[in-house]
Structure formats: structure tokens, C-alpha cells
Amino acid sequence: MFYREAGDFKTTYREDSQTFPIKFDRLRFYAVLAVAYGVIPLFINDYWANAVAVPFLIYAIAAIGLNVLVGYAGQVSLGTGGFMAVGAYACYKLMTAFPEVSIFVHVLLAGGVTAVVGVLFGLPSLRIKGFYLAVATLAAQFFLVWLFNKVPWFYNYSASGQITAPDRTVFGVFVTGAQTSAMAKYMFCLVMLTIVAVLARNLTRGMVGRKWMAIRDMDIAAEIIGVNPLTAKMTAFMVSSFFIGIAGALFFSVYLGAAEVGEAFGIQKSFLILFMVIIGGLGSIFGSFAGAAFLVLLPVLLKNLLVGALNWPTDLAAHIELMIVGALIVVFLIAEPHGLAQLWRVAKEKLRLWPFPH
Amino acid sequence: MPDQLLYAMEVTLNGLMAGVMYALVALGFVLIYKASGIFNYAQGVLALFAALTLVGIQQGQVPFAHLINAVTGGHLTHFGWTVPSVLAIILTAAVMVVLAIVIEKLVLKHLVNQAPIILFMATIGMAYFLEGFGDVMWGADIKKLDVGLPQGISDTVEGLTDRIFGYGFFVDNLDIVATVVAILLVTALTLFSQYSKQGRALRAVADDHQAALSVGISLRFIWILVWSIAGFVALVAGIMWGSKSGVQFSLSLIALKALPVLMLGGFTSIPGAIVGGLIIGVGEKLFEFLAGPLIGGATENWFAYVLALIFLVFRPQGLFGEKIIERV
């Protein structure tokens, strides 16, 4: 009824190779965009922006970045927090050094700086594989956090060791600093997310993405059929770090406003984003969105339920939340190791046949 | 002898002792990885959980007191008795065995044949759960663990080195005990895996899962066994670390300290865990001593990882790991 290839005739190559070849998918994509850009900004308030919308958008960017690396290129990384910190500090240094340049440019440049750092820490991946690599990326995590803590140049010699985002505007509207409206924050992150998602989706569909997947599935076989592991792995680290750097820059400048590196970009952040990718689904852009939404919403819901409705003490609620998140991850992995994206795929298959089951 | 050299020797000695502590945690990882190919991130949390349980039993705390109080509005805290250390340790070991059985039944059984990354994530999930569970069960406040291990600076070592070098080395009594315990533990584990029937089965499974299954070894029993042993090792590590720095959340972070040890020594080698631990322990203490003051200190957080990383670039399977052979 809804989800049909039948009757949807493609007459040009261009049509055949578009991002969403099925009409229903395409319409759904435009509908989501219309709601995100046209409807939500009208109703958003500070609570929803700060508790749900902005973290979701930023984590979705980070999850897409990590998914490129883990899901598409098969290089497990636990250094996400460290790379986000690079993005945040690069953005901070740029914002304070060149106040007249638009923050939009700074965020993209921060992504670029992170990409360079990511490639640097990605180099060992040519020799080290699997879990050894995962643990090796922890070196990036701990070293970078230590670096930003110990070298005062990175936080402009501020007494508290914190970095604080100055007021910056895009087209005359504040997007960082205290005067920012909920809508501005939301829109700025949304534009970034759209750019990242479109980029990621098309990269993974194209030649680069196929090389990544070949490397993921078996790197030796890929090498034999002519995929250069050096360029494939390095581009994966580069693109992934670029996105993660953007996420880090936004997380610091738009969402937090002020950040302390160990607290905001610690190892917990790396795990959180890895969870998003796994729960959402490895090797799926939609999965990154789903995973980010799930893990942003879950704590908010639990907190409202346990503290708000049941009146339990907050420390107890925090521990129970930890238990529930942990248990849910395990349950998810048992029930659906391919993540929320797989549920979505199954639903689409069902929809394709519906209402006739055979 | 010049003072600097003596200091360096003292630092090295302390590094060796710290390395033993790391090796204790790494040992649990290696056991599980060998027997089931699971990279068990929860090992550190297991140690925390074991230590929390030990203190809880020892002091007669009411489990889940905080939760019960929140639901019923009561004021339960303690039963009002204390349990002797030895009995408490035995009870805690029993709890760890039960935990191993539960983990096998509820989690591992359902994840057979999944990709290693999925199993790894499952253990991270378990780590989160256990951390929350331990806190809900016994409360999250920092506890003092005292099972009668000697504390403070060893007078014997100080006196001895004073006589030889004219300068007394400061070594923690606890570190010496930990070293002795680690040696005993490794000896016991080696004897167990070499000479007992279960130990042989364990080695068979580690060698080849399918071949082991085909000669009638129960994989599930082996998994329960190996998780129980890992739980016991975690208990020992928990006692040592808990006595040293108190039982608190940061105890679970020792898992992160054990990871570079594993990389260096190889995931599949018990001697590797020990040697790796010693190298990391000495390396990071010496580096902090020599280079720390120049670049701002607190290098211990990352030095081990960077050392392991550089090392791995030259030898990707670690010091004692099995040679990686890849085929298309």
C-alpha cells in the first residue's frame, strides 16, 4: 500500500541512483525535514531544547561520525571523547582568536583540526587490529584529555582551567553565550546535523564507502582486490573525526557554554557514543539517529519517572538508572544485535508486503 | 651511590609492586578471554562489586537498605552484627560464583556465536548494571576495607636497605602482601590448569572450542567455571585495591589500568599479564619520576597506553600473544 517499488519506473540513471530510490522513503525524508525545520522551531522552549533536542542533535552528529569508523570501516574506537575535546578546544581557540569570523566557519574548521588529529591517532590502525586497536585508541582518549588539562595555552590561561564560549552570532542571531534563544541553538545544530547526515549518507553510498566496507568485511581480501588499506582507513578516520570534531565543538559552544575537559569529554562520553552506535545499528545512518534519540530520551524519562513520580532520592535514582541502562544494553544485544536500524528494516519489509502477507 | 640513582631504584621497586597490582586485574581478563574469546570489560566492576559485598557482609549491612527505605520510609542500615574476615571472604567468593552462574544463564548463553564486538559491548552493559546494582545493594559511600592486612610502610625493607645502601627505601607493606598473594594465585592457577581434570578441560576449550565440544566437554560448565575463577581473582584484586585506597567507584577504573597491561602482554597469555603488568608499573613510575616534573605531572593517566601503543606498532600481537595468522 505505502512502500512499493512497483509502478515507480526509473527512466534515467540519475533517478535510479538517487539517495532514496523509493518514493515513500523520499516523501518521508522530506516530511521529516519539513517538521524539523518548519514545525519544531515554533514550539521549542528552553527545557525541551536543553534536555532533549540539542543533545539529541549533537549526539546524532557524533554517532554518525563514530558509525562511519566502527560501522562502515570496522575500526573500533574508544577515543571519541578525546576527539570531541579536540573539536571543542579548537573551536574555542578559533572563536577567541578570530572573533570577527562567523562561528559557522569555526565549527567546520574545528572539525578539520580534529580530522588531522584523528588521522594521526589512526595511523597505528594499519598495524593493529580488533580489540588491540580499540584499546590503543584509549591512548588518544587519555592523552588528549591530559593535554588539554595541563597545557594552559589551550584554555587561554584562564584561572579555573575551564573554557567558556564567548557570545557569537550567525546572521546577527546569537547562537552561543548566555543570550542565545532555544530556537537559535536548535536551528544551528539542526543545520549542522543535516549537512553531516547528507554528507555521510552519500559518502557511504559511493566509492569511498564501498572501500570502507570492503576493509571492514575482510581487510586482507580487500587489499588483494585493489583497495588501498592506507587510504581507506585514513579516510575513514579523517571523515569520522571531522564529524566528531563538529559534534565536540557544538557540544561545548552551543550546548554547555562552559566546559571542563575531564568532565565533559571523559571516557564515559566515548562509551555513551559507542552505545548509541551499537544500539542504533552498526553501519546505518538512520541507526545513529535512533541510537542517539534512545539514549538521550531514556535518562530523561527515567529521571522524570523515578524522581518526579515516585519521589525517590536522586542518588538512588541515578544508580537505578545505571542498572536499567546497563540491562537494556544487554537485552538489546541479545534480542537484536543489529540494533534499532534492523527493526526498522524488518518493519519496511513487512510494509512492502502489507496488507497481503504472501 | 648517588642519591638520584637510589631514588630511581626506589621508584622502580614501587613500580614493580604497582605492576603486580595491575597484573592481578589483568589476570582475570586473560582467563576469560582465553576460555571464551570474550573481552570482559566488566572485570574492574567485578572487583568493585566483590569488595563492596565483602565490606557489606563483614559489617552486617542490610542489602538494598537505601531502596527499601525509599519505598517503605524506614531507616534500616545494619543488622547489628559483624562477620569475621575469613567467613566474609568465603561468603563473598560464594556470591561471586552465584554471579558467574547468573551471568552465564542470563547473558552469555544467549550471545553464543555473536561477533566479538557485540560480546564486548554486552560486558560493558554488564559493567554498568553491576555498578548500579552494587551501589543500590550496598550504598555508594566510600567504605574502609579492613581484612587484617598489614598497612603502612614496611620497617623490614627500610631497615635492610638502610644497612646496605645507607638509604631506607619506602615500600608499602600492602604491596609486599599483594606480591606474595599474586605469586600464590598464579601458582595455584597454573597447578589447577595443568593437573586437574577441569583445568585440562579449560585448556582444551581455550585451544579449540569445537574440538573441545566434540570430545564431550561442556562449554557452558567451563564458562561458569572460568567466570567463577575470574570472580575470585576479582575478589582478590578488590581486597588488595580496596585495602589500599578504600572501596569506592574509582575502584572499577582499575580495569582501564589493566588494559594497556593486556595489550603489552597479549590477551591470551598469563605470564604476559604478569610481565606486562611489571613493565607498565615500572615504566609509568619511572616516566613520572624522570619526565613528569618537566611536562606537568599526572602522566600516569596516559603513559601506559602510549607505551603499549608504540610497542604494538612493532609487535601487533603483544609480547607473549599467539602469532596472528590471517587468511583470506
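Residues numbered from 1 in each chain as written. Chains lettered and ligands numbered in written order. Predicted model: local features only at pLDDT ≥ 70, side-chain atom pairs only at ≥ 80, totals over all residues.

1. Section: the overall build of chain B
Convention followed: Runs of E in the DSSP output that reach at least two residues are strands. Runs of H or I that reach at least four are helices, and both are numbered from the N terminus. For this measure, only C-alpha atoms enter the radius of gyration; the expected value for a globule follows 2.2 Å times N^0.38, where N is the number of residues. To sort residues by burial, count the other C-beta atoms lying within 10 Å of each one's C-beta; a count of 20 or more means buried, 12 or fewer means exposed, and anything in between means partly exposed. C-beta atoms are built from the backbone. Think of it this way: build a C-beta for each residue from its backbone, and any pair within 7 Å is a contact.
Within chain B, the regular secondary structure consists of 14 helices and zero strands. When the helices and strands of chain B are placed in sequence order, the string is α-α-α-α-α-α-α-α-α-α-α-α-α-α. Whereas a compact globule of 328 residues would reach a radius of gyration of roughly 20 Å, chain B reaches 21 Å, a difference of no more than 12%. Over its C-alpha atoms, taken along the principal directions, chain B stretches across nearly 65 × 60 × 40 Å. A total of 328 residues make up chain B; the buried ones form 46% of that total. Long-range contacts, defined as pairs at least 24 residues apart, comprise 73% of the intrachain contacts of chain B with a sequence gap of at least 6.

2. What to know about the overall build of chain A
The helix and strand tally for chain A stands at 15 helices and four strands. Here chain A has a C-alpha radius of gyration of 21 Å; the compact-globule value for 358 residues is 21 Å, and the two agree. With the C-alpha coordinates of chain A rotated into their principal frame, the extents come out at 70 × 55 × 45 Å. Classification of the 358 residues of chain A by burial places 47% in the buried group. Excluding contacts between residues fewer than 6 apart, the proportion of contacts in chain A whose partners are at least 24 apart in sequence is 76%.

3. Looking at the confidence of the model for chain A
Applied cut-off: The predictor reports its confidence for every residue as pLDDT, a score running from 0 up to 100.
For chain A, the average pLDDT comes to 88, and 99% of its residues sit at 70 or higher. Looking across chain A, the model is least confident in strand β3 (residues 173-176) of chain A, with a mean pLDDT of 80, and most confident in helix α10 (residues 229-256) of chain A, with 94.

4. What to know about the interface of chain B and chain A
The criterion, for reference: Only Asp, Glu, Lys and Arg are considered charged in this grouping, and only Ala, Val, Leu, Ile, Met, Phe, Trp, Tyr, Cys and Pro are considered nonpolar; every other residue, Gly among them, is considered polar.
Of the residues lining the interface, 39 residues belong to chain B; the matching set on chain A comes to 36 residues. At the level of secondary structure, the elements contributing two or more residues to the side of chain B that touches chain A comprise α3 (65-72), α5 (116-138), α11 (254-265) and α14 (300-314) of chain B. The element that contributes the greatest number of residues to the side of chain B that touches chain A is α5(B), accounting for 14 residues. Partitioned by chemical class, the residues of the side of chain B that touches chain A number 29 nonpolar, seven polar and three charged.

5. Some points on the packing of helix α7 (residues 173-195) of chain B against helix α8 (residues 197-207) of chain B
Residue and element names in this part refer to chain B. Selection criterion: Note on geometry: axes are C-alpha line fits, over the in-contact stretch for helices, and angles between N-to-C directions span 0 to 180 degrees. Should an angle lie under 35 degrees it is considered roughly parallel, over 145 roughly antiparallel, and from 65 to 115 roughly perpendicular; all remaining angles are considered oblique.
Following both chains from N to C, one finds α7 and α8 inclined at 85 degrees, their axes separated by 5 Å at the closest point. Our classification of the angle between α7 and α8 gives roughly perpendicular. Across the interface between the two elements, F192, S193, Q194 and Y195 from α7 touch G199, L202 and R203 from α8. Split by residue class, the contact of α7 with α8 holds three nonpolar, three polar and one charged.

6. Focus: helix α7 (residues 182-205) of chain A
A turn of α-helix holds 3.6 residues, and therefore any two residues three or four places apart point the same way. We count it as follows: To estimate the expected span of a helix, count its residues, drop one, and scale the result by 1.5 Å.
Compared with the 34 Å implied by 1.5 Å per residue over 24 residues, the 34 Å span of α7(A) between its first and last C-alpha is a close match. Residues A184(A), K185(A), Y186(A), M187(A), F188(A), C189(A), M192(A), L193(A), V196(A), A200(A) and T204(A) constitute the buried set of α7(A).

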